[in-house]
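Tertiary structure, described
This is what each chain is made of:
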Amino acid sequence: MFRTFAMTAIGALMATAASAEIRIAHVYGKTGPFEAYAAQSHNGLKLGLEYATGGTMEVNGEKIVLIEKDTQLKPDIGRAQLEEAYGDDDAHIAVGPVSSGVALAMLPVAEEYERVLIVEPAVADSITGSNWNRYIFRTGRNSSQDAIANAVALGGEGVTIATLAQDYAFGRDGVAAFKEALEATGAKVAHEEYVPTDTTDFTAAAERIFTAMGDVEGEKKLFIIWAGGGNPMSKINAMEPSRFGVEIATGGNILAALKAYKELPGMEGATYYYYEIPQNPVNDWLVKTHFERFDSPPDFFTAGGMASGMAIVEAIKKAGGAEDTEALIEAMEGMTWDTPKGQMTFRADDHQAMQTMYHFRTEVQEGKDYGLPVLVREIGMDEMAIPVRNK
């Protein structure tokens, strides 16, 4: 009888082990103005999990289950959905969201439930800065990485810059970081303009910028920081800023937004990703696989999503599983792993992923309906003194 009981108990344990799951919740804005970003991020996450597990979607014999939650780009819904993911669905790790404003509402939930939240692709510095807690890791770039890379590309002695950004965390954090980064280059910011996220008429804002820049001597640029639809670049370019000696400049963006770049050949800036730039086996696989499955190249946020998926698998392998959050945190602090952009490293101080950025120059090429961001040079992570802002 004892032997029968023992065998039954062993069988039950084996069945439990066989049915063990790693539950990953993707909490992101599937609907709303950032829908394109969300779709790319989700496809990238799935591709990252696939690549890092060799197609098995298992880590150490445990099956990965991906749970989807839609924040609808609303902070209160994002918070509630993350609570549901950790509480009702018992997710071990969550990924997301798209919007910085939503991310800021979600951060305390990770701390409350003591579960890891990998922020991808929300950008605001405050996520790994003033609002950070130890359960937050970010694979996406932050505002300072964008800002410093663009300052390297655009700044210099005698350069005067005006900024135009959306009036919320992404825009304001981005401008603040950009101004700070420009100081080291000798450039100065003469004017800042903030507009609501749903602005469609930029006439008044542009006129204020042109007035502020009109009498400035030397090289003059208007740097635009924008997320989602309604990018003002084409509309402002139609107002002929060159009459005031002002050149438009901006960072990289998704392929759909790069159509406006075709009007501005020679424009320079810095970008997070463009599929033809990185040269490494992970990106080669991503580009090939994405063309095969979607008949299109991977985009800006596809690469970011893939980086988050690969980080999850690497962390679980190092931690020996997904159940122990403290083991995951210990594994992830200082962790280096492969991504489509090359290697990234989670900085131990604030869990921000250190990563390469790319200085580009726009070219118009036959067969492309957008302005091509051609690589000028890589800006290595060791070239960017990214501030630690969570102290």
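A brief report on the enclosed structure follows. It should be emphasised that the depicted structure is a prediction, and the values quoted were computed from it without experimental measurement.

**Concerning the overall build of the protein chain**
- Along the protein chain, the regular secondary structure elements total 11 helices and 16 strands.
- Considering only C-alpha atoms, the protein chain reaches an extent of 95 × 40 × 35 Å along its principal axes.
- Surface exposure of the protein chain reaches about 16,000 Å², of which carbon and sulfur atoms provide 50%.
- Mean positive and mean negative side-chain charge positions of the protein chain (33 and 56 charges, respectively) differ by 1 Å.

**Some remarks on the nonpolar core**
- Grouped together as the largest cluster of nonpolar side chains are 126 residues, with contacts concentrated most on Leu117, Leu164, Ile236 and Ile312.
- At 11 residues, the largest contribution of residues to this core is made by helix α10 (residues 300-319).
- Residue contacts for Ile312: discarding those within four places in its chain leaves Ile24, Leu45, Leu49, Ile93, Val95 and Ile118.

**Considerations on the sheet that holds strand β4 (residues 93-95)**
- Across the sheet, 6 strands lie side by side as β2-β3-β1-β4-β5-β6; this open sheet has mixed pairing. At either margin of the open sheet sits one strand with a lone partner, and together these are β2 (58-59) and β6 (136-138).
- Of the strand pairs in this sheet, β4 and strand β5 (residues 116-119) are connected by 3 bridges, and their pairing is parallel. Note on β5: the bridge partner recorded for Ile93 is Val116.
- Across the face of the sheet, helix α11 (residues 325-332) comes into contact with β4, β5 and β6 while running at roughly 40° to β5.

**Quick look at empty space enclosed by the protein**
- Under the definition given, this model contains 1 cavity of 30 Å³ or more.
- Lining the largest cavity are 32 residues, with Arg141, Asp146, Phe170, Ile225 and Trp226 sitting closest to its centre.
- When contributions to the lining of the largest cavity are tallied by element, the ones reaching two or more residues are α5 (143-154), α6 (169-182), β9 (219-225), β11 (268-271) and α10.
- By residue number, the principal contributor to the lining of the largest cavity is α5, which donates 4 residues.

**Describing the sheet that holds strand β14 (residues 353-354)**
- If you trace the 3 strands from one edge of the open sheet to the other, you get β12-β13-β14, paired in antiparallel fashion. Strand pairing shows two members of the sheet lacking a second neighbour, β12 (336-339) and β14, which therefore form its edges.
- With 4 bridges joining them, β12 and strand β13 (residues 342-346) adopt antiparallel strand pairing. For Thr336, the partnering residue across the bridge sits in β13 and is Thr345.
- Each of β12 and β13 touches α10; the most contacted strand, β12, lies at about 140° to it.

**Description of the packing of helix α2 (residues 35-52) against α10**
- Contact geometry for α2 and α10: axes closest at 6 Å, N-to-C directions at 35°. With respect to the hand of their crossing, α2 and α10 are arranged in right-handed fashion. In this structure, α2 contributes Tyr37, Gln40, Ser41, Gly44, Leu45, Leu47, Gly48, Leu49, Tyr51 and Ala52 to the contact, and α10 contributes Phe300, Phe301, Thr302, Gly305, Met306, Ser308, Gly309, Met310, Ile312, Val313 and Lys317.
- Within the contact of α2 with α10, the residues separate by chemical class into 12 nonpolar, 8 polar and 1 charged.

**Some details on the packing of α2 against helix α9 (residues 281-294)**
- Direction vectors running N to C along α2 and α9 enclose 120°, while the axes themselves pass 11 Å from each other. On the basis of their axis angle, the class for α2 and α9 is oblique. For α2 against α9, the interelement crossing comes out right-handed. Residues Asn43, Leu47, Glu50 and Tyr51 of α2 touch α9, and the partners they reach there are Pro281, Val282, Trp285, Leu286, Thr289, His290, Arg293 and Phe294.
- In terms of residue class, the contact of α2 with α9 is built from 7 nonpolar, 3 polar and 2 charged.

**Concerning the layout of surface pockets**
- The space that makes up the largest pocket amounts to roughly 280 Å³.
- Lining the largest pocket we find 17 residues, and of these Pro33, Phe34, Leu73, Tyr168 and Thr197 sit closest to its centre.
- Here the lining of the largest pocket is composed, by residue class, of 7 nonpolar, 9 polar and 1 charged.
- Quantified by volume, the second largest pocket comes out at close to 210 Å³.
- Forming the walls of the second largest pocket are 15 residues, and the residues nearest its centre are Lys221, Glu247, Ile248, Ala249 and Met267.
- Of all the secondary structure elements, the ones that give two or more residues to the lining of the second largest pocket are α5, β9 and β10 (246-250).
- For the lining of the second largest pocket, the element with the highest residue contribution is β10, accounting for 4 residues.
- Tallied by class, the residues present in the lining of the second largest pocket amount to 8 nonpolar, 3 polar and 4 charged.

**Some words on the pattern of salt bridges**
- Applying the stated criterion to the full structure yields 25 salt bridges.
- Where Asp125 meets Arg389, a salt bridge forms, and the shortest distance between an N and an O atom there is 3.1 Å. In this pair, Asp125 sits in the loop between β5 and β6 while Arg389 sits in the segment after β16 (372-379), placing the two residues 264 residues apart along the sequence.
- Among the salt bridges present, the one from Lys368 reaches Glu276, with a minimum N-O distance of 3.6 Å. Here Lys368, found in the loop between β15 (357-363) and β16, pairs with Glu276, found in the loop between β11 and α9; they are 92 residues apart in sequence, far enough to count as distant.
- Under the relative-accessibility criterion, Glu276 is labelled partly exposed at 39%.
- Linked through salt bridges whose partners overlap, the residues forming this network are Glu21, Arg23, Asp90 and Arg115.

**What about unusual backbone geometry?**
- Cis peptide bonds are those with omega within 30 degrees of zero, and the linkage from Gly96 to Pro97 qualifies with -5°.
- Here Pro97 lies in the loop between β4 and α4 (100-113).
- Note that the residue after Glu120, namely Pro121, is joined by a cis bond; omega there is 5°.
- Its location among the elements puts Pro121 in the loop between β5 and β6.
- Positive phi outside glycine occurs at Asn60, with the angle close to 55°.
- Relative to the elements of secondary structure, Asn60 occurs in the loop between β2 and β3 (62-70).
- Classification of Asn60 by relative accessible area gives exposed; the value is 56%.
- Residues other than glycine seldom take positive phi values, yet Glu114 does so here, at roughly 55°.
- Here Glu114 lies in the loop between α4 and β5.

Scoring rules and cut-offs
- For every chain, the first residue of the written sequence is number 1, and numbering continues from 1 along that sequence.
- With pLDDT at 70 or above as the cut-off, local features in this predicted model cover only qualifying residues; side-chain atom pairs require 80 or more to be listed or tallied, and sums for whole chains, interfaces and linings still use all residues.
- Just so you know, side-chain values use all the structure's heavy atoms and leave hydrogens and water out.
- Strands are runs of DSSP state E lasting at least 2 residues, helices are runs of H or I lasting at least 4, and numbering of each runs from the N terminus.
- Throughout, the Shrake-Rupley method with a 1.4 Å probe supplies accessible areas, and for residues the shown protein chains are the sole cover considered.
- By the counting scheme adopted, Arg and Lys are positive, Glu and Asp are negative, and His together with the chain ends is not counted.
- To locate a charge, take atom NZ for lysine, CZ for arginine, CG for aspartate or CD for glutamate.
- To define a nonpolar core, start from buried Ala, Val, Leu, Ile, Met, Phe, Trp, Tyr and Cys residues and group those joined through side-chain atoms within 4.5 Å.
- The buried label applies to any residue whose accessible area, calculated with a 1.4 Å probe on protein chains only, is under 20% of its type's maximum; exposed applies above 50%, and partly exposed to all values in between.
- Any two residues whose heavy atoms approach within 4.5 Å are treated as being in contact.
- Strand pairing follows a simple DSSP-based rule, namely that at least 2 bridges must link the two strands.
- A fitted line through C-alpha atoms represents every axis, and for helices the fit uses only the stretch in contact; the resulting angles, taken between N-to-C directions, go from 0 to 180 degrees.
- Whether a set of points on the 1 Å grid over the protein atoms alone is a cavity depends on a 1.4 Å probe fitting there but being unable to get out, while an open set qualifies as a pocket with protein on both sides within 12 Å along at least five of seven lines; lining residues are those with an atom within 4 Å of a point.
- Grid points are joined across faces, edges and corners, and a volume is the space filled by probe spheres set on the points.
- Left-handed describes a crossing whose near helix is turned anticlockwise from the far helix through less than a right angle; right-handed describes the clockwise counterpart.
- Each residue is assigned to one of three groups, with Ala, Val, Leu, Ile, Met, Phe, Trp, Tyr, Cys and Pro labelled nonpolar, Asp, Glu, Lys and Arg labelled charged, and all others, Gly among them, labelled polar.
- With respect to orientation, any angle under 35 degrees is reported as roughly parallel, any angle over 145 as roughly antiparallel, any angle of 65 to 115 as roughly perpendicular, and every other angle as oblique.
- In what follows, salt bridge is the name for a side-chain nitrogen of Lys or Arg lying within 4 Å of a carboxyl oxygen of Asp or Glu.

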